[in-house]
Amino acid sequence: MPTPEEYLLMYRRLAEMTFFGKMLDERKEEFKPLKVFTGLGQEAIYVGAMSAAESSYDLLAPDHRSTCALPIWGITEEEIIAQYGAFAESLYGGYNFGIHIGDTKRRVVRFISDMGADAAIGTGMIDGVYYMRDYIDKNGADKNPVLLAFFGDGAMSHANIHSAFEMASTRHLPIIFILNNNCLAIKTLTEFQNVGEEFSPRAKGYGLRTHKAVFGNDVIEVWRTVKGALDQIRNAKDPHPPHFIECNTFRVSGHNAHETGEMWKYVSRELKREWEGRNPLELYSLLLRSQKDEVFNEQKKAEILLAAKEKIEKVFEAKKNYTAPHKLKPIFKETSAAACATPPTTVREITYSAAINEALKQAMESDSKVRIFGQDVQLGGVHGVTKDIFERFGSERIFNMPLDENSIMAFAIGQALAKLTPCAEMQFFPFTEYALALLTRFAGTHFSVTGENLGMVVRGPCGGGFSSNEEHQKMIEAALAHAGGLKIVFPSTPYDAKGLLLSAFCDGNPVVFCEQIAHYSKKGRVPEEMFYVPIGKAAVRKEGKDISLITYGALMVEWAIKAAEILQTKNIDAEVLDLRTVVPMDKEAILASVKKTGRALIVHEAKKDFGVGAEISAHINEFAFNDLYSPVIRLGAKEGPATARMELEKLRLPQIEDIVAAVKEICNGE
Ligand SMILES: Cc1ncc(C[n+]2csc(CCOP(=O)(O)OP(=O)(O)O)c2C)c(N)n1
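Residues numbered from 1 in each chain as written. Predicted model: local features only at pLDDT ≥ 70, side-chain atom pairs only at ≥ 80, totals over all residues.

## Some words on the overall build of the protein chain
Step number 1: In terms of regular secondary structure, the protein chain is built from 22 helices and 22 strands.
Step number 2: Taken over the C-alpha trace, the protein chain has a radius of gyration of 28 Å; the compact-globule value for 670 residues is 26 Å, and the two agree within 12%.
Step number 3: The principal-axis extent of the C-alpha atoms belonging to the protein chain is close to 100 × 55 × 50 Å.
Step number 4: Out of the 670 residues belonging to the protein chain, those deemed buried represent 52%. (Helix = DSSP H or I, 4+ residues; strand = E, 2+ residues; numbered from the N terminus. Rg over C-alpha atoms; globule rule 2.2 N^0.38 Å. Buried ≥ 20, exposed ≤ 12 C-beta atoms within 10 Å, placed from the backbone.)

## Some details on unusual backbone geometry
Step number 1: In this model, Lys32 is joined to Pro33 through a cis peptide bond whose omega is 5°.
Step number 2: Relative to the helices and strands, Pro33 resides in the loop between α1 (4-26) and α2 (43-52).
Step number 3: Cis rather than trans, the peptide bond between Val583 and Pro584 has omega equal to -10°.
Step number 4: By the element assignment, Pro584 lies in the loop between β20 (581-583) and α19 (587-597).
Step number 5: A positive phi is found at Arg107, a non-glycine position, where the angle reads about 65°.
Step number 6: With respect to the element layout, Arg107 can be found in the loop between α3 (77-84) and α4 (117-137).
Step number 7: Note on Arg107: 24 C-beta atoms within 10 Å, which makes it buried.
Step number 8: Even without being glycine, Ile186 reaches a positive phi, approximately 50°.
Step number 9: One can find Ile186 in the loop between β4 (184-185) and β5 (188-189).
Step number 10: Accessibility expressed as a C-beta count within 10 Å gives 11 for Ile186, which makes it exposed.

## Digging into the pairing of strand β3 (residues 175-181)
Step number 1: Along β3, seven of the seven residues are buried, which leaves the element largely enclosed by surrounding structure.
Step number 2: The side-chain alternation of β3 yields two buried faces, one formed by Ile175, Phe177, Leu179 and Asn181 and the other by Ile176, Ile178 and Asn180.
Step number 3: Pairing of strand β2 (residues 147-152) with β3 involves six bridges; the strand directions are parallel. For Leu148, the partnering residue across the bridge sits in β3 and is Ile176.
Step number 4: Note on the crossover from β2 through helix α5 (residues 159-170) to β3: the handedness is right-handed.
Step number 5: Across six bridges, the pairing between β3 and strand β8 (residues 243-248) is parallel. When the bridges of β8 are listed, Asn180 appears paired with Cys247. (Pairing = 2+ DSSP bridges. Right-handed = clockwise from strand over helix to strand, strands pointing away.)

## Quick notes on the pairing of β8
Within a regular beta strand, the side chains point alternately toward one face of the sheet and then the other, so they alternate between its two faces.
Step number 1: Counted residue by residue, β8 has five buried out of six residues, so it is predominantly covered.
Step number 2: Of the pairings in the sheet, the one linking strand β6 (residues 209-210) to β8 comprises two bridges and is parallel in character. By the bridge assignment, Thr210 is partnered in β8 with Phe244.
Step number 3: Handedness of the crossover joining strand β7 (residues 214-215) and β8 through helix α7 (residues 219-235): right-handed.

## Notes on the site of the ligand
Step number 1: Lining the immediate environment of the ligand, one finds 17 residues, of which Met115, Gly152, Gly154, Ala155 and Ala185 sit closest.
Step number 2: Elements represented by at least two residues in the shell around the ligand include exactly β2 and β4.
Step number 3: Looking at the shell around the ligand residue by residue, the classes come out as six nonpolar, eight polar and three charged. (Near = placed C-beta within 6 Å. Nonpolar A, V, L, I, M, F, W, Y, C, P; charged D, E, K, R; others polar.)

## A few points about the nonpolar core
Step number 1: Residues Leu148, Ala149, Phe177, Ile178, Ile413, Leu549 and Val663 are the most contacted members of the largest nonpolar core, which totals 201 residues.
Step number 2: With residues up to four places along the chain from it excluded, the contact list for Leu549 reads Ala560, Ala564, Ala574, Glu575, Val576, Leu577, Leu601, Val603 and Ile659. (Core = buried A, V, L, I, M, F, W, Y, C linked by C-beta atoms within 7 Å. Contact = placed C-beta atoms within 7 Å.)

## Some thoughts on the packing of helix α18 (residues 554-569) against helix α22 (residues 656-668)
Step number 1: Following both chains from N to C, one finds α18 and α22 inclined at 50°, their axes separated by 9 Å at the closest point. With respect to each other, α18 and α22 are oriented oblique. Crossing geometry of α18 relative to α22 is assigned as right-handed. Facing Trp559, Ala560, Lys562, Ala563, Ile566 and Leu567 of α18, the residues of α22 in contact are Ile656, Ile659, Val660 and Val663.
Step number 2: Here the residues of the contact of α18 with α22 are counted per class, giving nine nonpolar, no polar and one charged. (Axes fitted to C-alpha atoms, helices over the stretch in contact; angles between N-to-C directions. Parallel < 35°, antiparallel > 145°, perpendicular 65-115°, else oblique. Left-handed = near helix turned anticlockwise from the far one by under 90°.)

## Quick word on the domain arrangement of the protein chain
Step number 1: Splitting the protein chain by domain gives domain 1 (4-321), domain 2 (347-527) and domain 3 (539-668).
Step number 2: Placing the centre of domain 2 and that of domain 3 at their C-alpha centroids yields a distance of 26 Å.
Step number 3: Every element with two or more residues in the side of domain 2 that touches domain 3 is listed here: α15 (470-473), α16 (477-483), β14 (487-489) and α17 (494-505).
Step number 4: Grouping the amino acids of the side of domain 2 that touches domain 3 by side-chain chemistry returns ten nonpolar, ten polar and five charged. (Domains from an automatic or database assignment.)

## Observations concerning the sheet that holds strand β15 (residues 510-516)
Step number 1: Taken together, seven strands build an open sheet; the order of strands is β11-β10-β12-β13-β15-β14-β20 and the sheet is mixed. A single partner strand is all that each edge strand has here, and the edge strands are β11 (398-400) and β20. Neighbour-to-neighbour, the strand axes of this sheet turn through a mean angle of 20°, independent of strand direction.
Step number 2: As paired strands, β14 and β20 are joined by two bridges and run antiparallel to one another. Bridge pairing in β20 links Val489 to Thr581.

## Some details on the packing of α1 against helix α10 (residues 298-318)
Step number 1: Orientation of α1 relative to α10, taken along the N-to-C sense of each, is 45°, at an axis distance of 9 Å. As judged from the angle between their axes, α1 and α10 are oblique. Along this stretch, α1 crosses α10, giving a crossing that reads as right-handed. Residues Tyr11, Arg12, Ala15, Glu16, Phe19, Phe20 and Met23 of α1 touch α10, and the partners they reach there are Ile304, Leu305, Ala308, Lys309, Lys311, Ile312 and Phe316.
Step number 2: Of the residues belonging to the contact of α1 with α10, the class tally is ten nonpolar, no polar and four charged.

## As for α22
Step number 1: End to end, α22 covers 18 Å across 13 residues, agreeing with the expected 18 Å (1.5 Å per residue, within 8%).
Step number 2: Looking at the packing, one finds that the buried side of α22 touches β18 (547-551), α18, β19 (574-578), β21 (600-607) and β22 (633-637). (Expected span 1.5 Å × (residues − 1).)

## Side note on the sheet that holds strand β17 (residues 539-542)
Backbone-to-backbone hydrogen bonds join strands into a sheet, with any given pair of strands oriented parallel or antiparallel.
Step number 1: With mixed pairing, the five strands of this open sheet are ordered in space as β17-β19-β18-β21-β22. Every interior strand has two partners, whereas the edge strands, β17 and β22, have only one. The average undirected angle you get between the axes of adjacent strands in this sheet is 25°.
Step number 2: In terms of strand pairing, β18 meets β21 through four bridges, oriented parallel.

Below, the structure written as structure tokens:
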């Protein structure tokens, strides 16, 4: 049971948070046009759970009702209000609003709107905190941090929660999942999310330790249950399953404060009134009065309530000084290109795949914060790119993951938040689409929003040139590039594959590394030592003066070079510019080449329509229009899916002959 001091502390916190929520609700108009999300009536879950935990080392993955949890974790009410209004003085300088807040230093996962995302990302973060403690810092092993991850009954249906449970259980992570079951997901009643009385059978199915559902308006019941789970996890000798605690409550305010008056449209007035009668603060006053007369009496209660009210009023006073933001922030952390200690000398012929494997090993050797994970990677992965790494570095550095790209991406982001350098393998790049939301909406925005770098590498094979299908070879770089905040790298040679991958590991931004599947066995000259090819710098593969062939990716670069050789015999001197990276795009190199040749043919393997080529073409038209002798032309895959038959692939993908024909037409009008 709590000590008398703990009883009083929780009363004070509950009082402060109740006033805070009420004032946010009452003064919602001041935050317009932004919405205010409170969740009145649910305070006890967050105050009880967080009061049971240890704020100096446990972790928090909040949900959008977690306003009450944050001050206990050191994110002050002033900071919360500044964030609610997206003021210039807020932690994120006007980016995002409301409860969308977090702070890695204070061990709070940044909250994003995607339901369940924080719980999923939290799995990677808590895992990373332990790795950091045991293998990097090698101290503080007496402390066993636990992640408290909150989410609602609606989120229980989402893939992110599936990912969170799956990662937590398969990696035996010290996590307490806390379900705030407020009976509603916006306007949808719980019965549409779940059949049966409780959600715990689902959690049990994942191997989580479940508890009898808790009355979530009773701060002590929540505290006691969470405390018990924390003790079990912290003191376990062997790997202990994560816990799942379902807290039943009800939100007596609207989904956001602005629609409270409309709630009767989806809940009965009786039900709302019934739960209003179970107000957590009033229930707690009654409990304290009956049990703790010696430390709690009417006078003490009045003192605490008055102090809480005054504190919150002062917090709102501070808001007067907050101002509107007027500054957009950059999307990438600036990186100075990594340099080699000594210039590489030992050059030999190795395959594209071996070059990547060598880069992975050298990155791991030189930095023990690099960890590799994905499907089948311990045994080399299905393409053999990660072979022999497990034998050399062991299972703490390279490990297999469940067959779920969303889980892998969430875990990678969490590891990066824990200041490791994760390298997630996507077995085939198109399956990254299952992880697109977290990659683009968390990883791709993190630096802009927070100013904190998020160094991570997502790598895998892409592209055609072999018999397959759309599911295995669809090109998705245009979607990723359009999302923003992700560097996108396309190595075309074994040399670049190694040098660019080593750069990706020290970039400090999320880097998507697209390997050409059909080129894994192609050989090229590669230095044995570590070296770096700068990200964002194109390479001229063949000089020329008549036309610029602008391309990227190993397959198209190879074909463009072959086409240029054929064209040379026909007295057309084509320059081949290999972009190497789609983002950042080396626009200077593009303009320099086009200004020299006056003509441009853009070639890529991805579909022509709405592809990266359109961006390149637009850039040339914007900045080199007067240098052009003829319009910029694009070649790309035809509309429709990739196919299994090479006969059809020849029709679908731009071929060497197509490049030659297009150039002849541009240059000679043939
Ligand atoms: C993936 C995703 N889909 C839809 C939404 C829009 N949305 C915001 S809150 C919400 C309801 C969440 O319900 P629940 O998880 O029960 O939490 P509660 O609001 O009841 O606390 C929805 C659907 C979202 N934020 N994320």
